[in-house]
Every structure is written in structure tokens, then in C-alpha cells.
Amino acid sequence: MTEGLYIKRSEHFFYTDFGVRNSGTVGHNGRRYVCTGVPGTGFIERESESHSYHMFVRKLLAKQKPSYWRLLLGLEPSYKKELDRAKAALAKAKDPLKRQILDCYVNALTIGATEEKVERIVRGIKDKIGHRSNKFLVSVMSHYKNKINQLGHDMRSVQLNLRDTCTPEQFEAYLKMCEAFSKVADCRRVWHSNEDTREVYQQVFFDMGIFDFICTDDTFLPMLRDSKGVTYYLLPTHMIVAYNSVDFDLVPLKGLTIACQELAIQETVEVISSRLGDAASMVRIPEFNLTWYFNHVRPIMYFVGAYEELQSTL
């Protein structure tokens, strides 16, 4: 800090999309990035007419409001805690791709921790300036903003880029699959079949997201959720089965089945309609005993077809 200059720096975690939005070529420009509890993991809010989806997003965003109680109990995101967890997971990881993901994550967290502190300094300078004109403070703030830009370049050099995990042919097929999945995520209603609960059919939401700062300039990661708290991310060659940011499995797509089926009118009326209303199709991943129901057919079929095209390149 400049000698003789003192500012008030908040101790609350400063939420940004640093390390998430790396390029203007990515679609979803202008949409909010929603952090889901740890740095570098979250999703891009999509346009939707679903009231329940808006409630879901608002609930997550409400947790981002500064709260002394959450700060005191250590419930806010923390780069330090996440870095410790990631290092411990890396030390135990044996799978080469998992080690690569965690190694990149550790490096990204190290840079992100510095950037987050600088963001809080900038916020403190802005508060000190207030509505007054102060060229000195503005120049100091510009210095720190330039530092953030430099850290952004550093971040891109350490993140795991999806293009480096597959062949050009596989990546092109992956982009087509991502585009098809985005139409599935836009479906107004998605239900997960969970036999372990009283309400067997539970509404969930699919999105385009990010996991452990894994990036590409071309798309975000297809992100499927179940009602048990597990999130599934599709990569060009693997599916991440994430229980949390450092506890996850990697399953090769080559042997992973994603099958869809259009529901017959009789089946919908007699068995499902009373619970799911306008369910029209279903998707199964038998290897995980997963079943989702949708209120549309065409985007589901298109996505599964694009997934099979990707599989044919593996």
C-alpha cells in the first residue's frame, strides 16, 4: 500500500467472476456468474421463465450477501481453506487426469487468493473516494486494477484448458454436444427420479457451469444435477462425478451410456402424469442408475445424438 495511505478493507469474501470469464467469444455474455460455495465452481445464470429456477438462483445469491455471522462461523468461501483441501486431495490422487485437474486447481487458487485480496483493496479505495474527486486515489486504484489484469493473464496460464485434454476432432464434437445440452438446460422442467426419498420425482436444474477453474474460451461445462447433491460435468473425454470440489470421480465417456426415450402417451397419463404433469421424455445413465424426466422431446433427442457423435470420436 502507498505509504501514509490507509483504507478500510473488508474481511468478507469478495465474489467475482475472476478466472471464469476468460474470453468474449464465450456465449452467455451479460449473464450472472453464480458461485456455488467454493472459488472456481459455479454456473452461468440462464434466461428462464421458470419461477422455481429463479427461486433456486436467488437462494444461492442470498448466501453471497455479507453476513458477520457467516464470517464468524467460517461459512463464507475461503481461498485458504480450499487451497488446503485441494493440496490434500492432490497428495492422495492417483489417476493422471485427476492429478492434472487438482494440480491446475491448486495453482489457480494460489493466484485467485491474491486477486481476491486486491479486489477488496480496490473496494476499500472506492469507498474512501466516495463521491469526491481525488486524482491520487484514482491513480492508486488504477495501479491495483492493472495488477488484477496481470493476474488474469497469470490465471489463464495455469488453468486446465479443455483443448489440451483431447484431439481437435473430439473438441469440435464436444462443442456441438455443449450447444445441444444448452437447449436441454433451457427445458422448463427437469425431474430426477430418486427412490430414496418420499417425493420420488424431485425437480432439479441443468446449467452451463465451471468446475475447479477448468476453462475453455469456447463454452462452459455441461452441468447435470441430481437430487442427492451430486453434480455431473461433461468434459470432452470424461464425466466428472463431483461430490464436492476436491472429492470427485472421473468416468471415461467411451463406456458411459446416455440413453433417451420418448414417453408413450398411455405411460405418461397412467403412471407419471399425476406426479410430473407434462413429462414427455426421459434420459437414463444406467452405469450410475440415474434417470431424469423432461417436459420436451426434441432437444433431448438432439443432445443424446450429439453425445453419441462425441463418443464415436473417442
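Quick look at the structure, then.

**Description of the sheet that holds strand β9 (residues 248-252)**
Strand order in the open sheet made by the seven strands is β1-β2-β5-β6-β7-β8-β9, with antiparallel pairing throughout. The open sheet has two free edges, formed respectively by β1 (33-35) and β9, since each of these has just one partner strand. Averaged over all pairs of adjacent strands, the angle between their axes in this sheet comes to 35 degrees, without regard to strand direction. When strand β6 (residues 221-225) meets strand β7 (residues 231-234), the two strands line up antiparallel, connected through three bridges. Bridged to arginine 225 within β7 is threonine 231. In the packing of helix α1 (residues 51-62) onto the sheet, contacts are made with β1, β2 (42-44), β5 (207-210) and β6, and the angle to β2 comes to roughly 130 degrees.

**What to know about the side chain of aspartate 226**
Structurally, aspartate 226 is set in the loop between β6 and β7. The buried charged residue aspartate 226 lacks any salt bridge partner; its closest oppositely charged side chain belongs to lysine 228, at an N-O distance of 6.2 Å. A polar contact of 3.0 Å, which involves the side chain of aspartate 226, links it to the side chain of tyrosine 232. Setting aside residues up to four positions removed in sequence, aspartate 226 forms contacts with His192, Val204, Tyr232, Leu290 and Trp292.

**Section: the pattern of salt bridges**
Where charged atoms of side chains with opposite charge meet at close range, the side chains can pair. What the rule picks out here adds up to 11 salt bridges. The closest approach of N and O atoms between arginine 31 and glutamate 47, which form a salt bridge, is 4.0 Å. Remark: glutamate 47 occurs in the loop between β2 and α1 and arginine 31 occurs in the segment before β1; sequence separation between them is 16 residues. A relative accessible area of 27% means that arginine 31 is categorised as partly exposed. Residue classification places glutamate 47 among the exposed positions, given a relative accessible area of 64%. Between arginine 225 and aspartate 207 there is a salt bridge whose closest N-O contact spans 2.8 Å. Of this pair, arginine 225 sits in strand β6 while aspartate 207 sits in strand β5, and the two are 18 residues apart along the sequence. As far as the burial class goes, arginine 225 and aspartate 207 line up, both buried.

Thresholds, definitions, all that
- Residues numbered from 1 in each chain as written.
- Predicted model: local features only at pLDDT ≥ 70, side-chain atom pairs only at ≥ 80, totals over all residues.
- Heavy atoms only, no water.
- Pairing = 2+ DSSP bridges.
- Helix = DSSP H or I, 4+ residues; strand = E, 2+ residues; numbered from the N terminus.
- Axes fitted to C-alpha atoms, helices over the stretch in contact; angles between N-to-C directions.
- Contact = heavy atoms within 4.5 Å.
- Buried < 20%, exposed > 50% of the residue type's maximum accessible area, 1.4 Å probe, protein only.
- Lys, Arg positive; Asp, Glu negative; His and termini not counted.
- Salt bridge = Lys/Arg side-chain N within 4 Å of Asp/Glu carboxyl O.
- Polar contact = N/O pair within 3.5 Å; in protein donor to acceptor, adjacent residues only side chain to side chain.

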